[in-house]
Amino acid sequence: MSDEEAKTSHLVSTILAEEQRRTEAQQETDEVVIPDDRLFGKIGESPVKLSEGLARGGGWKLLVLLFLLQVVDEFDRTAMTVLAPDIQETFGVSDAVLGAAGGAAGVLFVLGAIPLGMAADRYRRTTVGGIATLGWSAVVFLTGFVPNAFALFVARMGSGLGQSNVLPVQNSIAADAYPIETRGRVFGILAGASPLGRAIGPLLAGGIAGLAGGPEGWRAVFWVIAIPALILGIILLFFTPEPERGKFDREAHDAEMLDDADAPPVSFRAAFDRLRAI
């Protein structure tokens, strides 16, 4: 092999080796591996009492507020079930009509969670949840004045839309308001709100309708159950501080704390890609 061929062969080998090193370095950069202890923090190593977790977070007051919001949320649904015969008699409608009204409320409950969830990602969640609760309270109150079945149908749609803030807004507030170590117990407490509301709702609706009396005593039920929702909505909107987003998650992962105002925005696609990588 001549000197020229030897130089050419050496140059080609050098280029190929450098390209191989560059490819391997790029693969290491693209594949970000997070150790388990960094990904999940040190959760579970030191048990935290519920009282301690609540003291570090939003406290008992916020938990009670969120609990009562979900309890009251059930009064409207159970009232429709209990008062269905009286409502049918007032408007002369069939079970199918009332079923359609209830179905419309369910559809808006599901679909409404999407725009309210988007709003909760961009604005103060206490503001979004408070406005939704006050809107729901107004719709429930106006349900007591509906003159016909069509107006009742529209009112039920508005009720479903107002109630749709529970999952994307209220649960998001609870998740950021309390440490990870106690978050499971917090959500366990909140999970008991709906069954309690379904248990109290029929008694409340029947008692109010009985006291009101008359064939249209059912209207008074909606006037009364709108009052606690109004009070709770005002508290959430004006007197409840917004919890810092991701504060306790960053603490658990030993990450640098950022002020909420300086927190970088996270796109939906970036969040989805991160979930797929876990």
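To start, this report covers the structure provided alongside it.

Rules used in this analysis
Residues numbered from 1 in each chain as written. Predicted model: local features only at pLDDT ≥ 70, side-chain atom pairs only at ≥ 80, totals over all residues. Heavy atoms only, no water. Patch = residues over 30% accessible without salt bridge, like charges linked within 9 Å, V, L, I, M, F, W, Y side chains within 5 Å. Areas by Shrake-Rupley, 256 points an atom, 1.4 Å probe, with all protein chains shown as cover. Salt bridge = Lys/Arg side-chain N within 4 Å of Asp/Glu carboxyl O. Helix = DSSP H or I, 4+ residues; strand = E, 2+ residues; numbered from the N terminus. Buried < 20%, exposed > 50% of the residue type's maximum accessible area, 1.4 Å probe, protein only. Phe/Tyr/Trp six-rings, centres within 6.5 Å; stacked < 30°, edge-to-face > 60°.

**Details of a nonpolar patch on the surface**
Link 1 in the chain: On the surface, Ile 227, Leu 230, Ile 231, Ile 234, Ile 235, Phe 238 and Phe 239 cluster together into a nonpolar patch covering about 680 Å² of accessible area.
Link 2 in the chain: You can see Phe 239 is positioned in the loop between α12 (218–238) and α13 (247–252).
Link 3 in the chain: On the basis of relative accessibility, which here comes to 63%, the residue Phe 239 falls in the exposed class.

**Some words on the packing of aromatic side chains**
Link 1 in the chain: Within the structure shown, the criterion is met by four aromatic pairs.
Link 2 in the chain: A centroid spacing of 5.0 Å and a plane angle of 35° characterise the contact between Phe 145 and Trp 223, whose relative ring orientation is tilted. On the criterion of sequence distance, the pair formed by Phe 145 in the loop between α7 (125–143) and α8 (149–163) and Trp 223 in helix α12 is long-range, its members being 78 residues apart.
Link 3 in the chain: For Phe 145, a relative accessible area of 49% translates into the label partly exposed.
Link 4 in the chain: An angle of 85° between the planes, with centres 6.1 Å apart, marks the rings of Trp 218 and Phe 222 as edge-to-face. One end of the pair, Trp 218, and the other, Phe 222, are both in helix α12, four residues apart, so they sit about a helical turn from each other.
Link 5 in the chain: You can call Phe 222 buried: its relative accessible area is 0%.
Link 6 in the chain: Following the ring pairs from residue to residue traces out a cluster consisting of Phe 91, Trp 218 and Phe 222.

These figures come from the coordinates and say nothing about function on their own.
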